[in-house]
Amino acid sequence: MALRVIDSLVLRHEPAILLLGRLCIGSLFLMSGINHWLDLRLLTHFMGGLPGSVTGWAMLAATIEVVSGAAMVLGFRTREFALLLVLFNLCAAVIGHPYWSINGNDAARWGQLIHFWKDIGLAGGALFVLARGAGPLSLDRE
């Protein structure tokens, strides 16, 4: 019975639900990217092991967050940006939160473990957007 009620609500309100989902995930990336652009040092300490300029990598990461977040909010080229966010979050998890390399500091290891799985969860949310698309209340109008 409860599942039928939920199914009925979702079917009747699917466009609004898809919009709210996009607003939630998009605003998270938009806000995070803007904060990272305002202070690139929030990102550069993660990127010391990468080839090239850490500032360049930080600017790229912040730009991906801002542009992808805005695209999610607007529902613009939603599936393409969702795929970019899947890849971005998987890379962010591995590069930015290597909890497995932290020894002797349980609090730091635990914090990085939480951030690692947060990024994996965000990749999962982006996978749902990739699979479903933006919905009718979007610039894509799917």
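Heads up: the structure comes first, above all this text.
What this report covers is the structure whose coordinates are included nearby. Remember, it's a predicted structure, so these values are computed and weren't measured experimentally.

Cut-off values and rules
- For every chain, the first residue of its written sequence is number 1, and the numbers climb from 1 along that sequence.
- It should be noted that, the model being predicted, local features are given only for residues of pLDDT at least 70 and side-chain atom pairs only at 80 or more, the latter also being counted only at that level, while totals for whole chains, interfaces and linings use all residues.
- Side-chain metrics rest on all non-hydrogen atoms present in the structure, leaving aside hydrogens and water.
- Each residue's exposure class comes from its accessible area (1.4 Å probe, protein chains only) as a fraction of the maximum for that residue type: buried when under 20%, exposed when over 50%, partly exposed otherwise.
- Each axis is a line fitted through C-alpha atoms, taken for helices only over the stretch in contact, and angles between the N-to-C directions span 0 to 180 degrees.
- A helix here means a DSSP run of H or I that spans at least four residues, while a strand means a run of E at least two residues long, and both kinds are numbered starting from the N terminus.
- The scheme is simple: roughly parallel for angles under 35 degrees, roughly antiparallel for over 145, roughly perpendicular for 65 to 115, oblique for anything else.
- Helix crossings fall into two classes, left-handed where the near helix is turned counterclockwise from the far one by less than a right angle and right-handed where it is turned clockwise.
- Two residues form a contact once any of their heavy atoms are found within 4.5 Å.

Although it is not a glycine, Arg 77 adopts a positive phi angle of roughly 45 degrees. Taking the relative accessible area as the measure of exposure, Arg 77 reaches 45% and is therefore partly exposed.

Let's shift gears to the packing of helix 1 (residues 2–38) against helix 5 (residues 106–132). Contact pair helix 1 / helix 5: the axes reach a minimum separation of 11 Å and the direction vectors enclose 140 degrees. When the interaxial angle is binned, helix 1 and helix 5 end up oblique. Crossing handedness for the pair helix 1 and helix 5: left-handed. Contacts from Glu 14, Leu 18, Ile 25, Leu 28 and Phe 29 in helix 1 reach Leu 122, Gly 125, Ala 126 and Arg 132 in helix 5.

What follows is about the environment of Gly 75. Tracing the sequence through the fold places Gly 75 in the loop between helix 3 (54–74) and helix 4 (78–96). Along the chain, Gly 75 and Arg 22 lie 53 residues apart, while their C-alpha atoms are 7.4 Å from each other. In this structure Gly 75 touches Arg 22, Ala 134, Ser 138, Leu 139 and Asp 140, once residues within four positions along its chain are discounted.

In this section: the side chain of Ser 68. Topologically, Ser 68 is positioned in helix 3. If near-sequence neighbours (up to four positions away) are discounted, Ser 68 is found in contact with Thr 63, Phe 81, Leu 84 and Leu 85.

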